[in-house]
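# Structural description and commentary
Residue strings, one per chain:
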Amino acid sequence: MSSQIPVKQVDPATDASPGKKKTEHVELYASRKKIYVKAVTGLYQRIRFFSLWGLMGMYFLFCWVQVGGEPLIYFNLPAREFHLFGTTFFPKDFIMLSGMLIIAAFGLFFITTLFGRVWCGYTCPQTVWTFIFMWVEEKVEGSRNKRIKLDQSPGGTAKMAKKVTKHALWLLIAFATGLTFVGYFYPVRELSVDLFTLQANGWAYFWVFFFTVATYTNAGWLREQVCLYMCPYARFQSVMFDEDTRVVSYDYNRGEPRGGRRKDASKAELGLGDCIDCGQCVQVCPTGIDIRDGLQYECINCALCIDACDEIMDKMDYPRGLIRYTTEHELEGRPSKILRPRTFGYGAALLLMIGALVFTLLTRVPVQLDAIRDRGALFKMNNRGMIENSYTVKIQNMTEVPQVFILSVSGLDTARIIGDTAFRVAAGENLSLPTVVEVSPEALTETHNDITFSIRAEGDATLGANTESRFLGDRR
Ligand code: SF4
Ligand code: SF4
């Protein structure tokens, strides 16, 4: 792994006073050089095309598509409800949401150990939006050479028109991104109307503006600098790599010594390897590095240099794969293993957590029942000679539809609830019920007695819950 620190070469002529020690100036800050990425076609670019447009499509659609009257993904913060793919989660389900995030993190570690930074190259939002912005740039300003010429040309109406069009389109995409992001927290149909009729609340305007600016800046201007200087994952991913991690690599043994030649020239006679030093792999690289310098933290494993080099190899009638997905062991001519302690470790942890999450999801009861004894009075005798205790019973309906629940109590002979026992609870509602239970004094065996409150949904015996409580009273 090499980090490039530009080294200023010292001209001995300017530093040649007798006896003076030569000094070497190392620049620790280098201003950014604009990268003009050349478009390339090939297998990996096609895979990226489908994965990046697919992910973009999902992002823009998921807040609009509705299931059972609720968006596919919607975080209703004021109501503390999280709608994910037709299931509503409540704060008590946070453990499951945390579990999903932990699984995502371990999944990322597992994949990185096997295939390096494929997340960065094919799915990271920064890559997705930069790809879209570059696509727009190419459509408006033309190929790499045309863009370089345009930037070097003096200002004029044509140049201005292209620049204004590009930035306007970028801002439009950035605004759509900001609006969609806020649409995951604010019903997107209402938001789209409220925003333009000035009816939305101040926070909605703030966040739409914030994400518009962030998208425009990150994907339009900062691009690879986000990966190089801001993303923590780029810095620590190397600890997950080993000699069997499959990453984009240049086959040094096959390619060197590099050098230009005619197509019909003999490599053997010239004493050259397969690399014709055309620089195509550098021109297509979105982070502007040369993969021939070895594994670098700037490499996002996008494989565009593979496509570029394969095209050159085809033209030269050389076998493809001078740059390819391979492992350090394979490059050294040694066998490579998929199953190794690191993959076993991450794989086992991942399977364990997926199993625990699936079990929790399958055994999740979408109704919650609590019974809290009123602390004001211990108990009282009513006019029928029965002992009464008062409770606050809470029923939370976590299903997607309204339910009628039948409340009952057990654990003591003669125990019964005074008053109504059937309650309609709306989807997502947390109903609070003052409840009185009476028991005959003869049925009490202790002063403190265990009782159980239960609810069952009308018409669905499998949907219900129980909770324990205490019944206090004098024994006879
Ligand atoms: S594209 Fe291939 S042949 Fe051309 S410089 Fe890069 S490695 Fe060498
Ligand atoms: S070196 Fe190749 S794989 Fe790495 S970022 Fe550049 S083009 Fe992508």
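Refer to the structure presented above.
Residues numbered from 1 in each chain as written. Chains lettered and ligands numbered in written order. Predicted model: local features only at pLDDT ≥ 70, side-chain atom pairs only at ≥ 80, totals over all residues. Heavy atoms only, no water.

## Here we look at the site of ligand 2
Neighbouring ligand 2 are the residues Val-248, Cys-285, Pro-286, Thr-287, Ile-289, Ile-291, Cys-299, Ile-300, Asn-301, Cys-302, Ala-303 and Cys-305. Taken together, the residues that form the shell around ligand 2 break down as 10 nonpolar, 2 polar and no charged. (Near = heavy atom within 4 Å. Nonpolar A, V, L, I, M, F, W, Y, C, P; charged D, E, K, R; others polar.)

## Quick notes on helix α14 (residues 304-316)
Taking 1.5 Å of rise per residue, the 13 residues of α14 would be expected to cover 18 Å, and the 19 Å separating its terminal C-alpha atoms lies within 8% of that figure. Within the span of α14, buried status applies to Leu-304, Cys-305, Ile-306, Asp-307, Ala-308, Cys-309, Asp-310, Ile-312, Met-313 and Met-316. Next to the buried residues of α14 lie α1 (43-61), β6 (247-250), α11 (252-255), α13 (280-283) and β7 (323-326). In the stretch just after α14, Asp-317 is the one whose phi turns positive, near 60°. (Helix = DSSP H or I, 4+ residues; strand = E, 2+ residues; numbered from the N terminus. Expected span 1.5 Å × (residues − 1). Buried < 20%, exposed > 50% of the residue type's maximum accessible area, 1.4 Å probe, protein only. Contact = heavy atoms within 4.5 Å.)

## Some details on the pairing of strand β11 (residues 403-410)
Covered by surrounding structure in β11 are Gln-403, Phe-405, Leu-407 and Val-409 only, the residues Val-404, Ile-406, Ser-408 and Ser-410 on the alternate face being uncovered. Relative to strand β15 (residues 448-457), β11 runs antiparallel, the two sharing 6 bridges. Its bridge partner lying in β15, Ser-408 is registered against Ser-454. (Pairing = 2+ DSSP bridges.)

## Considerations on the packing of helix α4 (residues 125-141) against helix α6 (residues 157-183)
Direction vectors running N to C along α4 and α6 enclose 155°, while the axes themselves pass 9 Å from each other. Taken together, the axis directions place α4 and α6 in an arrangement best described as roughly antiparallel. Note on packing geometry: the crossing formed by α4 with α6 is right-handed. For the pair formed by α4 and α6, the contact residues are Trp-129, Ile-132, Phe-133, Val-136, Glu-137, Val-140 and Glu-141 on the first element and Lys-162, Lys-163, Thr-165, Lys-166, Leu-169, Trp-170, Ile-173, Ala-174 and Thr-177 on the second. Among the residues making up the contact of α4 with α6, the classes are represented as 9 nonpolar, 2 polar and 5 charged. (Axes fitted to C-alpha atoms, helices over the stretch in contact; angles between N-to-C directions. Parallel < 35°, antiparallel > 145°, perpendicular 65-115°, else oblique. Left-handed = near helix turned anticlockwise from the far one by under 90°.)

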